[in-house]
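Read off the chains here:
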Amino acid sequence: MKITTEQFIKEFKRRLTDEYALDVKDATKEELYRTLAAVVKSGYFDIWRKSKNSFDQDQKKQVYYFSIEFLPGQLLKSNLLNMGWYTLVKKAFQELGLDLDEIAQVEPDMALGNGGLGRLASAFMDSSASLALPVNGNGIRYKYGLFKQKFVDGYQVELANAWLDQNNVWEVARPSKAVKVHFGGQVYLKEGADGTLEPVYENDKVILAVPYDTGIVGYKNRHVNTMRLWDAQIPAEEEINFPTIESRRRVEDLTSVLYPDDSNEAGKFFRLNQEYFFVSAGMQSIIRHYKQVHLSLLDLSQYVSVHINDTHPAMCVAELMRILLDDEKLSWEDAWKQTVQVMSYTNHTIMAEALEKWPLYMLEKVQPRLVQIIQEIDRRYALELEAKGQSQLLASTRPVKDNMIYMANLAIIGSHSVNGVAKLHTELLKQDVLKDFYTLYPERFNNKTNGITVRRWLEIANPSLTKTIDRVIGTKWHYDAKELHKLASHVSDKRLVDAIGQVKYQNKVRFAKYVKATMGLEISPKAIFDVQVKRLHAYKRQLLNLLRIIQLYLNLKQNPALDIYPRVFIFGAKAAPSYHYAKSIIKCINEVADLINHDDSLNDKLKVVFVEDYRVSLAEKIIPAADVSEQISTATKEASGTSNMKLMLNGALTVATLDGANIEIKDRVGEDNIFIFGLQKEEVLDYEQNHGYHSADYYQNDPAIHRVLDALVDGSIPHIQAEGREIFDSLVRANDEYFVLRDFEDYLRAQNEVDQLYRNQTQWNKKCLINIANAGYFSSDDTIRNYAEDIWQVTPTVSENGKVSAEDARYPL
Ligand code: 26V
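Given the structure is predicted, the values throughout are model-derived calculations rather than measurements.

Undergrad: Tell me about the sheet that holds strand 15 (residues 357-359), residues and numbers included.
TA: Strands pair in a sheet through their backbones, by hydrogen bonds, and they do so in one of two ways: parallel or antiparallel. Reading across from one edge, 15-17-16 is the order of the 3 strands in this open sheet, with antiparallel pairing throughout. Sheet topology places strand 15 and strand 16 (400-401) at the edges, where each strand pairs with a single neighbour. Looking at chain direction, strand 16 and strand 17 (residues 404-406) are connected through 2 bridges and run antiparallel. Counterpart to K401 in the pairing with strand 17 is M404.

Here it is in structure tokens:
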């Protein structure tokens, strides 16, 4: 049953009356948004129910994707698109005199993540649902999402993001599915009547974990999965144990804030509590549900897969052991066999500082029983290595060392699969970071290159490009993004190539309007829009970009007639609140922007736009308007990157180091269609291992670098006294950890090529077309298909009408 425009309008009006007693003309955007969301939900809730039931009826193997971050952004448009309602509702709204785009903007971003890691988790949720794969998300329902960023005098200021204040229309609270999580106290083992050891808990606190479920709508396939986020509450019968306001607040705080990745000491303890909370709640509910459907826990791994997204949920290993041993009375050997078969783990960074380790004493306070179990895992692991004659690998791989728990080690030992997120990254894991594990368990290691949701980043974010593509190759790519490759045979089609350029221009006009409206800044859509959007981190080298901007500025001041193609540099980035250096870079970019944007003598050849509060919904505005994609991390440091994929999909050309997934992008588009520069992996590793790099030499011997760096400290750029000095020192005195100065010259070369090529619009647009044509290889649909086949061994469910991804499988009203 398909819905018609008339049916939709009737239903919409009826709900608006029922809920608000209003006519369309009298309703606010907020009221219209809520009403539309209600109609949308009525379209998929029944299918959601059926999808859930079918898993149990068919005894399907289930995947549980544990992630401390999810970053879905806004859900209204993607739900409409996936239900097959998007065009219809757009049209119906026009008939009602309403603009769907405007109303969709009312929705606050669901920003329960910092960056790539969380966005990837949400891409995977979308793709799993679209492939009708039985994948469930498991995470935390933070009351405050990632902070809202404001710039005050060029400094980043963090404001609370109380996104739930406006109510989340998509979630459903399920108090009946709550579980109890035990924290703290002491534990000892007592011999039971049957001779088995039983843990006895004393003085522990019990907290109620209440799940909030969000339906994840599959793309036109009548399949809806669940993302389950946990909220912490005080159980009614435990009120007495939380007598003070302070103790009650501690419970609320458990699920209140999302920690930025490098939070401080005090925050760390909370973070560990959060990790145990969502791990324990998730694992308990999995086992409880499993027992309703299956008989024996010895079959667990046939029906359950648990994915550990980065190390934050690594305690899943120990928590499952706890449940199987203590609650279900399995033997250690049986429990361990199931655990390893159930668990799989993805590593998302090789940055040593980001590899989690926790002091034993801290976990002892959170959950003493887990400490016992982890120590036993460690003890048995040592024995196993000894038996295999591989004790020399023990120190570097054991889970417990010097009273610290190494979470990656725990995850790897407790999993049957370990994967990196791009080819280079996986190679580095095998040969460098995790090489001793690779010696021990080569069969566990595999690569799964990241991907993006092509539908969100093209169909939703860039409707005019979507139309242009549809006209040439049809709409099959909406299901299978690799179909985009058919565009490649049209590079000689002048009309198409021009159309690509026109679409880009229109998108730039639109973004320029947004910049004017929000920042009061005039930018010309004729200029090159050069975009770097990602978390602010030293290794991502926003600084390299900035140094080039400063150089262009100085050159233009010296020679106003200098022939450079006009460029608008666009930045979007948040810095972790305690990451001082990253915040100094933000301040410097903002001051350089201020200087440049107010200098009429530059004749609009340069502009710098640092958008406030970069987030998924803003990315959807910026990325379609980008000409150049900056992917300039120090080789080896960026595990994959995913903005690189989104930008190429929207026809931006990439300036890149051979790092992360950039390498795979280059392999697909060919060297002529990407601008590669900079040190390569071997050179970086060589510098690092042999201490062969001396950044001060570059400052001393390269006059161009000398001049640019001096501008940081000699007052040429106002208001950056402290920050300019800090950055100068990091580059010249602290030996420039990320080889910014080393790569500067080659970066300029690559950028000059960009400048030249852009003058030939036909050549440029052809390369854009080739990039778009190859971006389909980075669809998260394919990535998740590989996870399903290689790691989880799950297959798609057959949808309600017997079809999977059927073109006409619209959602009914
Ligand atoms: C966190 C920290 C915190 C302490 C300072 C150093 C540091 C460095 C990196 C991180 C990020 C940790 C995990 C993460 O978000 N990784 C990102 O995962 C994306 C999805 O796989 C991937 O595309 C990005 O390259 C990777 O940085």
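Undergrad: Could you give an account of the site of the ligand, naming the residues involved and the relevant values?
TA: Neighbouring the ligand are 19 residues, the closest being H348, N450, E638, S640 and G641. At a separation of 2.8 Å, an oxygen atom of the ligand approaches a polar side-chain atom of N450. With respect to the ligand, the backbone of S640 contributes an N or O atom lying 3.0 Å from an oxygen atom. Against a free-state accessible area of 590 Å², the protein chains account for coverage of 89% of the ligand. The residue makeup of the shell around the ligand, split by class, is 7 nonpolar, 7 polar and 5 charged. Here the shell around the ligand spans two domains, since at least three of its residues come from each of domain 1 (36-443 + 789-809) and domain 2 (455-778).

Undergrad: So, the environment of N309: which residues are in play, and what are the values?
TA: Among the structural elements, N309 can be located in strand 13 (residues 304-309). For N309, a relative accessible area of 1% gives the class buried. The residues touching N309, leaving out its near neighbours within four places in the chain, are Y65, F66, S67, L117, A121, T346 and H348. Polar side-chain contacts of N309 include one of 3.0 Å to the side chain of S67. Reaching out from N309, the side chain makes a polar contact with the side chain of H348 at a distance of 2.6 Å.

Undergrad: Kindly report on unusual backbone geometry, identifying the contributing residues and their values.
TA: Excluding glycine, residues mostly have negative phi values, and the peptide bonds linking residues are mostly trans. In this structure, N403 takes a positive phi of about 60 degrees despite not being glycine. Tracing the chain through its elements places N403 in the loop between strand 16 and strand 17. With a relative accessible area of 58%, N403 lands in the exposed category. Of note in this structure, N603 is not a glycine but carries a positive phi near 55 degrees. Topologically, N603 is positioned in the loop between helix 22 (580-597) and strand 22 (606-611). With a relative accessible area of 52%, N603 lands in the exposed category.

Criteria and cut-off values
Residues numbered from 1 in each chain as written. Predicted model: local features only at pLDDT ≥ 70, side-chain atom pairs only at ≥ 80, totals over all residues. Heavy atoms only, no water. Pairing = 2+ DSSP bridges. Helix = DSSP H or I, 4+ residues; strand = E, 2+ residues; numbered from the N terminus. Near = heavy atom within 4 Å. Polar contact = N/O pair within 3.5 Å; in protein donor to acceptor, adjacent residues only side chain to side chain. Areas by Shrake-Rupley, 256 points an atom, 1.4 Å probe, with all protein chains shown as cover. Nonpolar A, V, L, I, M, F, W, Y, C, P; charged D, E, K, R; others polar. Domains from an automatic or database assignment. Buried < 20%, exposed > 50% of the residue type's maximum accessible area, 1.4 Å probe, protein only. Contact = heavy atoms within 4.5 Å.

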